[in-house]
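A look at the structure
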Amino acid sequence: MSGDPEFRRVFRLPRAPKRQVTRELDDELGFHLDRRIEKLVEEGLTPDEARARALEAFGDVSDVRDYCFKQSMVRERTMRGIDWLSDTWQDLRFSARSLRKRPVFVAAVTLTLALGIGAATAVFSIVNAVILKPLPFEDSDRLVGVWLTSPGWEVEWLEQPPATYFTIRDESEAFEDSGLWKNTFVTVTGVDEAERVPATMVTDGVLPLLRARPMLGRLFTAEDDLPGSPETVIVSHEYWQRRLGGDPDVVGRTLFVERSPREIIGVMPPGFRYMSNRSDIYWLRQFDRAEVEMGDFSYNGVARLKPGVTLEQAQADASRIFLLALERYEGMSPEYARDLGMDVRLRPLKTELVGQTASTLWILLGTVAIVLLIACANVANLLLVRAQGRSREIAMRAAIGASRARIAQGFLTEGLVLSLAGGLAGLGLASFGVRTLLGTLPEEFPRLGEISTDGTVLLFCVGLTVLTGLTFGVLPVWRAGGTNLAAELKAGGRSGAGRESHRTRNALVVSQVALALVLLVGAGLMVRSFRALNAVHPGFGHPDEVITFRVTTPGPGYSAGEEGLQIVEAMLEALEQLPGARSVAAITSFTMDGSTSNTSMDIEDFPTAEGEARPSFRVKWTGGDYFALMENPVIAGRPITQADIRDRNDVVVVTENLALTYWDSSEAAIGKRLRDGDTWREIVGVVGNVRDHGPGEPPVAVVYYPAVVNDFWGADTFVPRWMAYAVRTSAGSPTALMPEVRRIVRSVNPDLAITQVRTLEEIRDFSMVRTSFTVFLLGIAALVALFLGVIGIYGVVSYAVGQRTREIGIRMALGAATIDVSRLVIGQGFRLAAAGVVIGVLGAAFLSRLMTPVIYGVSPADPLTYAVVAVTLVSVALLASYVPARRAAAVNPVEALRAE
């Protein structure tokens, strides 16, 4: 039988070793040589002559032997390749036929794997786009963000002044060039009705640093950047199409940006985006070096390293340049900067773009990896049961000559077929999941437009599918390798699973429970963190009742002057007449809306020494009954009133944390004075703290001015142009007021445009988008893990009941009560869950520390979270054991014994 080719193909027999092949070749060559000598002797030659003649004709025997050996090895390798392909094809056909007969089993495995592979692929697509891909700029690894750091001010990342930028351009040995940029909004007129659009202010070097190339026209040049040069602007491809009709002759046309005519010199290509912001307009900021000083910390910096320069070398060069800037420009002495620990700080531009999102995404990728492990454990358990049922078949195949490797190949092929089905379904789930996530993420999410299921993601999915198939396919192979041929054949298919198999399946279920507990603890910590954030008073109350919007007065500079004052007064007066409006107010920046302004001040009781920089505070200008509308309490003194605005009173209101930093109490701050320029302003009120950077960040010290201020930032009468308005209503949804609000704005001034229409609730939710996104995905992953863990416990307990039917029948025949049988079965589920909980708690205690950067108001070792999760898991495990326990209690002892 062993010579049968079909037998050798199905049950691969071992190949001959190399020494045996060499020995056989020697025998074969010797045989042919001897036959040749005998023939020559018969022809009349002497034996010596015959041997010499035969060797001469035959050639070097060793060379002939080596040649024959090489040809034999080539044929052997060829046959092995052909045999392997034949074996694989046969295994695929056999697996397909076998699995087709078990649709429920295939569906369960496919769904389980689809959940794990789909979740992992969906999250990887985000990780790949946001973290792993290089930025879409040439040699993007050489781009760095340029910041300052000031430990003395407790500021880790401080925006840089133009003085640093100019000194870097003049003196740097490590940078090709550097630039400044800042995101803002600008009012564009002259194209239909006025429109407020997102814009990016840049210096001339920013776009060339990125190696950006316009689709039409040109980029900014150094000549454009000189003070007094004609003002220019570049538009995005989207704005060119949407508002300029895709005019190919658009270069040279004029746009009125902030009422100032600017020539369009270029159109950026489709999809171009700098950092995570969508900009319709790129406009040039022209600095006058004669007016630059150290202290205007208002601009983001970017630079490109020279080829071969490391980040460490550039950091040393930047620190040297910062000292030069302190010497060249006024505003801060080198001694004071040294006391503050102030220095330039660089970081890769991609790191700056991604920020804290990276830690969140890595945590989520680790989370879905755990889900995939649970899915693999679940599938491995199912395959172990299937392998147990095929133990006699395996024994028969081994008995008639199949090698362990040949049997293993069959199991691994079946595992890969199942994983392929799960991978295809998972890819569909991943594609759906990515589209769903893209709809929930805010537009400001880093690299949002680059998230897709591209070739890298598809390759990841394929690799994950193959790895998954090999992972859960190993256990049945190992189980088959331990098959006792004699015992299986003697049992005739009646033997039950051995202890080793039971231990393996129980270990898999325990691991599922442990991993599920880790995920549930992570989700629980995030839920508690989210609740803690929601409980924080950010500086306003009942945010769902307040609608906000921004109306910026067009024009150059910062102050809108008397025109701005008239607009503010007209807007507040008209908004107060809105039906359902309880209160209205105006301010330059709502809490957490992302708009900030800071300025340095003198404090009368705490004079600044010569050469030291004055303390800097967040500043806001208010009109109307702002603090009452925001439900931010006045702790001491009084709020800013309309009389303060009308009479130009030099007064301010400060937050409680600022007051307590300099005085013993809020009441002690009343009557004290601050000075931002040449004018002292009296503190007339202290209000509650506000969390401008989000509820999870410390409160910011804020100074509130009246909407009209004397002698500020070079203006005799300063009225900020970038005012925002709020309306609080208790009559239905506040967004229902917007049609009437738009009519009011047009009636006040047709050149005004409304932007950033949001409720306070939306502003608050956006500040917590990273947390809510993490809670959402962690919650889904934890629920899937819990579901798979429950299925695993149910499967093991149910299988054990089926294996112990005879034992249960004997117990009941001997008088065991139904409750005793149920307790026996439920006890097995409880022990598995309890073991998993113990291991999971230890794992969670170690891994939850990685979540410290993304949780707030709760410890990574929070005992309440651990207790609730442990009790929940055990309870669900007991519930999963209840159905098999019911079935065990219903066993008829007579039928159970008769079946045996």
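Here the structure is a predicted model, which is why all the values come from computation and not from measurement. Along every chain, residues carry numbers that run from 1 in the direction the sequence is written. The predicted nature of this model means local features are confined to residues of pLDDT at least 70 and side-chain atom pairs, given and counted, to a pLDDT of 80 or more, with totals for whole chains, interfaces and linings taken over all residues. Hydrogen atoms and water are omitted, and side-chain values are computed over all heavy atoms in the structure.

Moving on, we get to the overall build of the chain. Helix and strand assignments follow DSSP, with helices taken as H or I runs no shorter than four residues and strands as E runs no shorter than two, numbered in order from the N terminus. Regarding its fold elements, the chain presents 29 helices and 25 strands. When burial is assessed residue by residue, the chain has 49% of its 900 residues classed as buried. Total accessible area computed for the chain in this model is approximately 41,200 Å², and 57% of it derives from carbon and sulfur atoms. Here's how the labels work: a residue is buried when its accessible area is under 20% of the maximum for its type, exposed when over 50%, partly exposed in between, all with a 1.4 Å probe on protein chains only. Reported accessibility uses the Shrake-Rupley method at a 1.4 Å probe radius. Residues are deemed covered only where the shown protein chains occlude them.

Right, let's talk about helix 23 (residues 738–748) for a bit. Those residues of helix 23 that sit buried are Met738, Val741, Ile744 and Val745. Mapping the buried residues of helix 23 onto a view down its axis gives an arc of 110°, with all of them on the same face. More than 90 degrees from the buried face of helix 23, the exposed residues found are Pro739, Arg746 and Ser747. Contacts were defined at the residue level, with two residues in contact if any of their heavy atoms lie within 4.5 Å. Those residues of helix 23 hidden inside the fold are in contact with strand 12 (546–552), helix 18 (561–575) and strand 25 (754–759). Picture the helix axis, draw a direction to every C-beta atom, and the arc is the one those directions span.

Let us now look at a nonpolar patch on the surface. Taken together, the side chains of Leu416, Val462, Val466 and Leu470 make up a nonpolar region of the molecular surface, amounting to roughly 290 Å² of accessible area. Ranked by residue count, the leading element in the nonpolar patch is helix 15 (residues 455–481), at 3 residues. Exposure above 30% relative accessible area and no salt bridge define the residues that can form patches, which grow by joining like charges within 9 Å and nonpolar side chains of Val, Leu, Ile, Met, Phe, Trp and Tyr within 5 Å. A pairing counts as a salt bridge when a side-chain nitrogen of Lys or Arg comes within 4 Å of a carboxyl oxygen of Asp or Glu.

Here we take up the packing of helix 6 (residues 162–171) against helix 9 (residues 311–328). Convention adopted: a line fitted to C-alpha atoms gives each axis, helices being fitted over their contacting stretch, and angles between N-to-C directions are expressed from 0 to 180 degrees. Remark: helix 6 packs on helix 9, axes separated minimally by 9 Å, with the N-to-C direction vectors making an angle of 120°. As helix 6 runs across helix 9, the sense of the crossing is right-handed. Contact residues: Ala163, Thr164, Thr167, Ile168, Asp170 and Glu171 in helix 6; Arg320, Ile321, Phe322, Leu324, Ala325 and Arg328 in helix 9. Its residues assigned to classes, the contact of helix 6 with helix 9 shows 6 nonpolar, 2 polar and 4 charged. Left-handed is the label given to a crossing in which the near helix is rotated counterclockwise from the far helix by less than a right angle, and right-handed is the label when the rotation is clockwise. In this classification, Asp, Glu, Lys and Arg are treated as charged, Ala, Val, Leu, Ile, Met, Phe, Trp, Tyr, Cys and Pro as nonpolar, and every other residue, Gly included, as polar.

Despite not being glycine, Asp139 shows a phi value in the positive range, around 50°. Relative to the helices and strands, Asp139 is located in the loop between helix 5 (103–132) and strand 1 (143–150). Phi angles above zero are rare outside glycine, and Gln756 is one such case at about 50°. Within the secondary structure, Gln756 sits in strand 25.

What follows covers the pattern of salt bridges. Charged atoms that come close allow side chains of opposite charge to pair. If you walk through the whole model with that rule in mind, you get 35 salt bridges. Across the salt bridge formed by Glu545 and Arg582, the nearest N and O atoms sit 3.0 Å from each other. Taken as a pair, Glu545 in the loop between helix 17 (499–535) and strand 12 and Arg582 in strand 13 (residues 581–587) lie far apart in primary sequence, 37 residues in all. Classification of Glu545 by relative accessible area gives buried; the value is 18%. Across the salt bridge formed by Asp765 and Arg764, the nearest N and O atoms sit 3.4 Å from each other. Exposure remark for Asp765: the relative accessible area of 38% places this residue in the partly exposed category. Linked through salt bridges whose partners overlap, the residues forming this network are Asp139, Arg142, Glu176 and Arg211.

Next up on the list: the packing of helix 18 against helix 23. Contact pair helix 18 / helix 23: the axes reach a minimum separation of 10 Å and the direction vectors enclose 145°. Remark: the crossing between helix 18 and helix 23 carries right-handed chirality. Listed contacts from helix 23 to Ile567, Ala570, Met571, Ala574 and Leu575 of helix 18 are Val741, Ile744, Val745 and Val748.

Among the 5 residues in strand 18 (residues 651–655), 5 count as buried, and that is most of the element. Any two strands between which DSSP finds at least two bridges are classified as paired. The sheet contact formed by strand 18 and strand 20 (residues 680–687) spans 5 bridges and is parallel. Within strand 20, the position partnered with Val654 by the bridge is Val686. Taken together, the 2 bridges between strand 18 and strand 21 (residues 702–706) define a ladder with antiparallel strand orientation. Its bridge partner lying in strand 21, Val654 is registered against Val703.

Here the focus is the confidence of the model for the chain. Think of pLDDT as the predictor's per-residue confidence, scored from 0 to 100. Across the chain, the average pLDDT comes to 80, with 81% of residues at or above 70. With pLDDT under 50 throughout, residues 1–16 is counted as low confidence; its partners more than four residues away or in other chains account for 28 contacts. Low pLDDT, under 50, characterises residues 491–497; the predicted model gives this stretch 10 contacts beyond four residues in sequence or across chains.

Quick look at the side chain of Ser236 now. You can see Ser236 is positioned in the loop between strand 6 (232–235) and helix 8 (237–243). A polar contact is formed between the side chain of Ser236 and the backbone nitrogen of Tyr239, at a distance of 3.1 Å. For this analysis, a polar contact is any N or O atom pair within 3.5 Å, provided that within protein one partner can donate a hydrogen and the other can accept it, and provided that sequence-adjacent residues contribute only side-chain to side-chain pairs.

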